[in-house]
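An overview of the molecular structure
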Amino acid sequence: MNRYDHIRPYNDNEVNQALLHAARHPMFRILLQFTFPDKTQEEIVEVLSTCFSIADFQEKVIYKSVTNLLDKSAEDFTCSGFDALSRKRSYLYLSNHRDIVLDTSLLNMTLIDHGLITTASAIGDNLVQKDFLMELSKLNRNFLVLRGQSPREMLMSSKLLSQYIKHLLVSNRSVWVAQREGRTKDGLDKTQQGVLKMITIARGKTPLMQYLKELNIVGVAISYEYDPTDILKVPEIVAKQENVPYIKTANEDFNSILKGALGNKRNIHIAAAPMPEEIYDQIAQDYASDNDKLQAFASALDIIIWKHYKLWPSNYIAYDLYHKSNKYSAYYDEKELRHFERRLEVRVDAEKQIEVDSFLLMYANPVVQSEKV
C-alpha cells in the first residue's frame, strides 16, 4: 500500500473506472447534465468513456462545467501574471482563499488556457464527507488535509502532507495550497505561519529559505466583486467578534459550495505573482531563527497577494459606507452604490449594527490591505 493512498487523488489508471462508477450517482448526474445540457445520458457516458486520466477529465468535463458556471453567474472573468510563468516548470501556488470549489477550479482553468502545468490541490477532508464530493475531489486531483485530529496525529499528518507536496513538485506536478486553514471570512487575507511550517517539514537538512526558494512559490490573489456566500459568513464573523464558539450546521459546507458556485459573482479576477528571489536571500540574511524567517516570509507573501488583489466598486463602496466617508467615491458611480446598498438591505438586518459592520468590513478590508502596500 502506498503511504499516500489515504490522502491522494486517483492515479490516472484508476480514473476511467472510477468516473464511470461515479456517473451513476444522482448528484453526479445533475452535474453532468449541467455540463452537457444538449447531450443525452448515453452521449454523456460516451464522453466519460474517453477520459483515461485526470487531465482528460479536467479538460473534457470540469473545464466545460466551470465555463458554464461563469456564463450563468459572472459577467466577466479576467486574469493577469500567468504569461510570465514557464510551461515546463511546476509551481507551488500559495493563494488567498474565498470560495471552497471555485478558487482552484478557476486557477486550473487559467493554467489550461495558458498551457501551464495544472495543480494538485489541498482540500480539508471535512469538505468531502459526502460520497459524491469525495469522488469528484479525487477525480479532480485534490489531496486531503485531515482535520479534527489529536496533536500527535496532526503532527504525523503534517509530516506526511509535507512529504507528499514535495513528492508532487519533484514529479513536475504543480500544487495549490491556501495561505490559511479555511476560507477568509472577514476579507483579511493573512498567511498563517503554520501553513508555511507544514510545507517545510520535508526539507530535511536543506536551509529553510533555500528550500522555500526551490519550491518555485507563486502568490495567487483571487477576487470576486460579489461573494455569493457573504451572508453565510456573517454569523461566524459575529461569533468571533463576540468571542463565542461558532458551531457549523450539518450541511453548512455543502450549502456554501452550492451557493458559491451558482450565486452571482459579477466580476472575477485571478492574478499570479512569483515571489521575487531577492526576498528569500534578504530574509535569510536578516533573521536568525526559522520562526522569524517564516513570519517574515508570511508577511512578504501577504504583501504580494494584497498588491495583486483586484479591487472592485463593491470594495470601495463598502469602505466608504463603513467609514461614513466619500474617500473612494471616484471609484464607483451612483448606480453601483445603489446596487450595493440594496444588497446590504436584503441580506442583513439593519437594526443589528454588528451584522451590518461585519458585512461591510468583509468587502472593505481588501481596501485597507491595499493601503498598506
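Here the structure is shown first, and the text comes after it.
Computed from a predicted model, the values in this text were never measured in an experiment. (Residues numbered from 1 in each chain as written. Predicted model: local features only at pLDDT ≥ 70, side-chain atom pairs only at ≥ 80, totals over all residues. Heavy atoms only, no water.)

**Structural notes on the overall build of the protein chain**
The condition that has to hold: Under the DSSP-based scheme used, a helix requires at least four consecutive residues in state H or I and a strand at least two consecutive residues in state E, with every element numbered from the N terminus. Note that the radius of gyration is over C-alpha atoms, with the globule rule given as 2.2 Å times the number of residues to the power 0.38. For every residue, the accessible area (1.4 Å probe, protein chains only) is compared with the maximum for its type, and the residue is labelled buried under 20%, exposed over 50%, or partly exposed between those bounds. Contact definition: two residues touch when any of their heavy atoms are within 4.5 Å. For the accessible areas, the method is Shrake-Rupley and the probe is 1.4 Å, while residue cover comes only from the protein chains on display. The charged-residue count follows a simple rule in which Lys and Arg add positive charge and Asp and Glu add negative charge, with His and chain termini not counted at all. Taken as the charge centre is NZ of Lys, CZ of Arg, CG of Asp or CD of Glu, depending on the residue.
When you go through the protein chain residue by residue, the secondary structure sums to 16 helices and seven strands. For a compact globule of 373 residues, the expected C-alpha radius of gyration is about 21 Å, and the protein chain comes in at 21 Å, within 12% of that figure. Projected onto its principal axes, the C-alpha coordinates of the protein chain cover approximately 60 × 60 × 40 Å. Of all 373 residues assigned to the protein chain, the portion counted as buried reaches 52%. Within the protein chain, contacts between residues at least 6 apart in sequence are counted, and of these 76% link residues at least 24 apart. A total accessible area of about 18,000 Å² is found for the protein chain, and carbon and sulfur atoms account for 51% of it. Seen as two clouds, the 46 positive and the 49 negative side-chain charges of the protein chain have centres 4 Å apart.

**Quick word on helix 2 (residues 26–35)**
Residues that lie three or four places apart on an α-helix share one face, since the helix turns once every 3.6 residues. Operational definition: Note: the arc covers the axis-to-C-beta directions of the helix.
All of the buried residues in helix 2 are Phe 28, Leu 32 and Thr 35. Buried residues of helix 2 fall within an arc of 55° about the axis and therefore sit on the same side. Exposed side chains of helix 2 directed beyond 90 degrees from the buried face belong to Pro 26 and Ile 30. Among the structural elements, helix 1 (12–22), helix 3 (41–48), helix 4 (54–73) and helix 6 (131–139) are those in contact with the buried residues of helix 2.

**Focus: the pattern of salt bridges**
What counts is decided by this rule: We count a salt bridge whenever a side-chain nitrogen from Lys or Arg sits within 4 Å of a carboxyl oxygen from Asp or Glu.
Evaluated as defined, the whole model comprises 16 salt bridges. In this structure, the salt-bridge partner of Asp 281 is Lys 213, at a minimum N-O distance of 2.9 Å. On the criterion of sequence distance, the pair formed by Asp 281 in helix 12 (residues 277–286) and Lys 213 in helix 9 (residues 208–214) is long-range, its members being 68 residues apart. Given the relative accessible area of 43%, Asp 281 is considered partly exposed. Taking relative accessible area as the criterion, Lys 213 reaches 28% and is therefore assigned partly exposed. The partner of Lys 233 in a salt bridge is Asp 227, with the nearest N and O atoms 2.5 Å apart. Judged on exposure class, the residue Lys 233 and its partner Asp 227 are both buried. Through salt bridges with shared partners, a single ionic network connects Asp 5, Arg 8 and Glu 14.

**Observations regarding helix 4**
What counts here: The bend at a residue is defined as the angle formed between two axes, one fitted to the seven residues ending at that residue and one fitted to the seven starting there.
The largest bend in helix 4 amounts to roughly 35° and is located at Ile 62. Buried within helix 4 are the following residues: Ile 54, Phe 57, Gln 58, Val 61, Ile 62, Ser 65, Val 66, Asn 68, Leu 69, Leu 70 and Ser 73.

**Re the side chain of Asp 189**
Put simply, the rule reads: Polar contact criterion, stated in full: a pair of N or O atoms within 3.5 Å, where within protein one must be able to donate a hydrogen and the other to accept it, and residues adjacent in sequence count only if both atoms are side-chain atoms.
Its location among the elements puts Asp 189 in the loop between strand 5 (174–178) and helix 8 (193–199). Reaching out from Asp 189, the side chain makes a polar contact with the side chain of Thr 184 at a distance of 3.1 Å. Every residue in contact with Asp 189, bar those within four places of it in the chain, is listed here: Asn 96, Arg 98, Gln 179, Thr 184, Asp 302, Ile 305, Trp 306, Tyr 309 and Gln 369.

**Topic: the sheet that holds strand 5**
As a reminder of what qualifies: When DSSP finds two or more bridges between two strands, those strands count as paired. Only the stretch in contact is used when a helix axis is fitted, and all axes are lines through C-alpha atoms; the angle between N-to-C directions ranges over 0 to 180 degrees.
With respect to topology, seven strands assemble into an open sheet ordered 1-7-6-2-5-3-4, the strand pairing being mixed. Each edge of the open sheet is held by one strand with a lone partner, namely strand 1 (74–80) and strand 4 (142–145). Between one strand axis and the next, the sheet turns by 25° as a mean value, whatever way the strands run. In the sheet, strand 2 (residues 92–95) pairs with strand 6 (residues 217–224) via four bridges, with the strands oriented parallel. The partner of Ser 95 across the bridge, within strand 6, is Val 220.

**Description of the environment of His 339**
Summarising the element assignment, His 339 is placed in helix 15 (residues 334–347). A distance of 3.1 Å separates the side chain of His 339 from the side chain of Tyr 226, its partner in a polar contact.

**Section: the side chain of Ser 95**
Summarising the element assignment, Ser 95 is placed in strand 2. Side chain to side chain, Ser 95 and Trp 176 meet in a polar contact 3.4 Å long. Setting aside residues up to four positions removed in sequence, Ser 95 forms contacts with Trp 176, Val 177, Ala 178, Gln 179, Val 220 and Ile 305.

**Structural notes on the packing of helix 12 against helix 13 (residues 290–308)**
Heads up, the condition is: Throughout, a crossing is termed right-handed when the near helix is turned clockwise from the far one, and left-handed when it is turned anticlockwise from it by less than a right angle. All residues other than Ala, Val, Leu, Ile, Met, Phe, Trp, Tyr, Cys, Pro, Asp, Glu, Lys and Arg, Gly among them, are scored as polar; the first ten of these are nonpolar and the last four charged.
Running from amino to carboxyl end, helix 12 crosses helix 13 at an angle of 145°, the nearest separation of the two axes being 10 Å. Crossing geometry of helix 12 relative to helix 13 is assigned as right-handed. Across the interface between the two elements, Ile 279, Tyr 280, Ile 283 and Ala 284 from helix 12 touch Lys 293, Ala 296, Phe 297 and Ala 300 from helix 13. Grouping the constituent residues of the contact of helix 12 with helix 13 by class yields seven nonpolar, no polar and one charged.

**Considering the packing of aromatic side chains**
Put simply, the test is: Only Phe, Tyr and Trp rings take part, Trp by its six-membered ring, and two of them pair if their centres are within 6.5 Å. Stacked means planes under 30 degrees apart, edge-to-face means over 60, and tilted covers everything else.
Tallied over the full model, the rule gives 14 aromatic pairs. Plain terms: the ring middles of Tyr 280 and Phe 297 are 5.4 Å apart, the flat faces sit at 35° to each other, and that makes the pair tilted. A residue pair is termed long-range when its members are at least 10 positions apart, and Tyr 280 in helix 12 and Phe 297 in helix 13 qualify at 17 residues. Judged by relative accessible area, which is 2%, Tyr 280 ranks as buried. Judged by centre distance (5.1 Å) and plane angle (40°), the rings of Tyr 316 and Tyr 328 are tilted. Of this pair, Tyr 316 sits in helix 14 (residues 313–323) while Tyr 328 sits in the loop between helix 14 and helix 15, placing them twelve residues apart in sequence. Tyr 328 matches Tyr 316 in its accessibility class, with the two residues each being buried.

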